Structures are given as C-alpha cells and as structure tokens.
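Observations on the three-dimensional arrangement
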Amino acid sequence: SQQGEEDPQALSIQEGENATMNCSYKTSINNLQWYRQNSGRGLVHLILIRSNEREKHSGRLRVTLDTSKKSSSLLITASRAADTASYFCATDITGGSYIPTFGRGTSLIVHP
Amino acid sequence: EPEVTQTPSHQVTQMGQEVILRCVPISNHLYFYWYRQILGQKVEFLVSFYNNEISEKSEIFDDQFSVERPDGSNFTLKIRSTKLEDSAMYFCASRRTGEKLFFGSGTQLSVL
C-alpha cells in the first residue's frame, strides 16, 4: 500500500493564519500529491511534487518534500473560511502500479 | 478543465437488490478507479482498471462487486446483492500515467 499518513488529524485556526499539515510515507516514490475534500464531495487535486523537487508553490499553497525523511508538508498561507475541508496526501511509488490510497486526512477548520 | 462524470448522484435501493453505478472518465485517460467513503470515514480504494482489465483490487472488492468498461467511454461498478453496509459515497477517478487523479462528484448509495 502506498498510504500516506496525515498529521495532525484536526486543525482549527482563525482566518488569516497559516495552516501546516504533514504527510509521512514508507517507500521510495516518484511523486506525492495533495488533495482536498469538501464535506460529501469528491477529492480535488491540489498539487503534485515529484521526487526530484524539494518545494513547489501554487497560489497560497506551498508544498515541501523531504525524501530522506519520507515526509511532505502542505502550507496554506493567509487562510480563508473557504479553505475549510479535509486534506489528504497520496504517493506514486517507484516501480509500482499507481494505486493511491488515502489516510484519514487532516480536517482543517478556518474560523471567520 | 475536463471532468469525470458520475451518475446517478443519489441511488436508493432495497437490501439484496443489484445496483449499477456509472462513470464517464476523461477521454484520454488510461487508468480508472473506484473508491468508496462511508459517512465520516476515510476514502477507501476498491479497484483499479487498466487496459480493459482489473489491475488491482482491495479486500473490500469481493465477489458481489464487478467492474466493466462496456464501451469506449463508460466505466461501471456493479454491486450484485446490496447489503446495508454498502451504503456509502462511491467515487470514480481516472488519470493518465504518473499524473494526478481526477475524481467525479460521487454517487451516494443508500441501502434500506
């Protein structure tokens, strides 16, 4: 299984603050992806970072990848109430079929 | 951006009945997946499909489940004899090799 494990399980912040969530995985990867899920909806892809990349930005999102520690972090800057959702990571392992599996995610609540 | 479409959005059925959930993946994608999410729980992998056959399946995907790609566009999940515990949101997803997953908005299945 290529399951990523997200941490913390829950995060509650005020609008305007930054939110950081982490993902750990177990095997060598080709890439790592972050997804977001609004309650009862499908997962939406946020950002993909390849194993030879260390940092990637997309708007207010910043993702880092540390392959030596087998971990990644997702930073949402200047959070908004609309960022309230669950966030998941998934990995594409080296030499394996891509069967992304999702952990329990980080539930982010941004208070207006 | 292209979309994965799923029908129906809601399905109510009696225990023991058969249901077919339908998905239209993105046209140039090669890999197709079904996931499910029981209310309040994590998104669980069911099955992946590539080159017109199942490439991998989870232990959840037992004999009551089957998948087909009956034509060049549709991808279906059949549950032969539904149980109460099959009540969940079912998500279809597709992707190109090594790229991000595109999820549909899901079918909410309620088994009474």
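Up top you'll find the structure we're talking about.
All values reported here derive from a predicted model rather than from experimental measurement.

Okay, the side chain of B:Arg95 next. Mapped onto the elements, B:Arg95 comes out in strand S9 (residues 88-95). Put simply, B:Arg95 is tucked away with no salt bridge, and the nearest opposite charge, on A:Asp92, sits 5.1 Å away. Those residues in contact with B:Arg95 that lie beyond four places of it in its chain are A:Tyr98, B:His29, B:Leu30, B:Tyr31, B:Tyr33, B:Lys100 and B:Leu101.

This part is about the sheet that holds strand S6 (residues 55-58) of chain A. Residues and elements named next belong to chain A. An order of S1-S3-S8-S7-S6 is seen for the 5 strands of this open sheet, with the pairing classed as antiparallel. In the strand order of this sheet, the two ends are held by strand S1 (5-7) and S6, each with one partner. Ignoring which end each strand starts from, the neighbouring axes of this sheet average 20° apart. Pairing of S6 with strand S7 (residues 61-66), which is carried by 4 bridges, proceeds in the antiparallel orientation. Bridge assignment links Lys56 to a residue of S7, and that residue is Val63.

For residues other than glycine, phi is negative in most cases, and the peptide bonds are mostly trans. Cis geometry is adopted by the peptide bond preceding A:Pro8, which originates at A:Asp7 and carries an omega value of 0°. By the secondary structure assignment, A:Pro8 is in the loop between S1 and strand S2 (10-14). Of the consecutive residues B:Thr7 and B:Pro8, the connecting peptide bond is found in the cis state with omega at -10°. Take B:Pro8: it is sitting in the loop between strand S1 (5-7) and strand S2 (10-13). Backbone geometry places A:Lys70, a non-glycine residue, at a positive phi of 50°. If you trace the backbone, A:Lys70 turns up in the loop between S7 and strand S8 (71-76).

Turning to the state of the cysteines, a few remarks are in order. Enumeration over the complete set of coordinates arrives at 2 disulfides over all chains. A disulfide bridge connects A:Cys23 with A:Cys89, and the sulfur atoms are separated by 2.0 Å. As the torsion about the S-S bond is roughly 75°, the A:Cys23-A:Cys89 disulfide counts as right-handed. In this pair, A:Cys23 sits in strand S3 (residues 19-24) while A:Cys89 sits in strand S9 (residues 85-93), placing the two residues 66 residues apart along the sequence. One disulfide bridge connects B:Cys23 with B:Cys92, the sulfur atoms lying 1.9 Å from each other. Disulfide B:Cys23-B:Cys92: torsion about the S-S bond near -65°, hence left-handed. On the criterion of sequence distance, the pair formed by B:Cys23 in strand S3 (residues 19-24) and B:Cys92 in strand S9 is long-range, its members being 69 residues apart.

What counts, and where the lines are drawn
Once a new chain begins, its residue numbering starts again from 1 and follows that chain's sequence as written. Lettering for chains starts from A, numbering for ligands starts from 1, and both go in the order in which the items are written. The predicted nature of this model means local features are confined to residues of pLDDT at least 70 and side-chain atom pairs, given and counted, to a pLDDT of 80 or more, with totals for whole chains, interfaces and linings taken over all residues. The side-chain values count all of the structure's non-hydrogen atoms but skip hydrogen atoms and water molecules. Only runs of H or I of at least four residues qualify as helices and only runs of E of at least two qualify as strands under DSSP, and these elements are numbered from the N terminus. Only protein chains enter the accessibility calculation, which uses a 1.4 Å probe; a residue is then buried when its area is under 20% of its type maximum, exposed when over 50%, and partly exposed in between. Two residue types count as positive, namely Lys and Arg, and two as negative, namely Asp and Glu; His and chain ends fall outside the count. A carboxyl oxygen of Asp or Glu within 4 Å of a side-chain nitrogen of Lys or Arg is what we treat as a salt bridge. Note on contacts: a residue pair qualifies if any of its non-hydrogen atoms lie within 4.5 Å across the two residues. In this analysis, strands are considered paired if DSSP registers two or more bridges between them. With axes taken as lines fitted to C-alpha atoms, and helix axes fitted only over the stretch in contact, angles between N-to-C directions fall between 0 and 180 degrees. In what follows, a disulfide is any cysteine sulfur pair within 2.5 Å.

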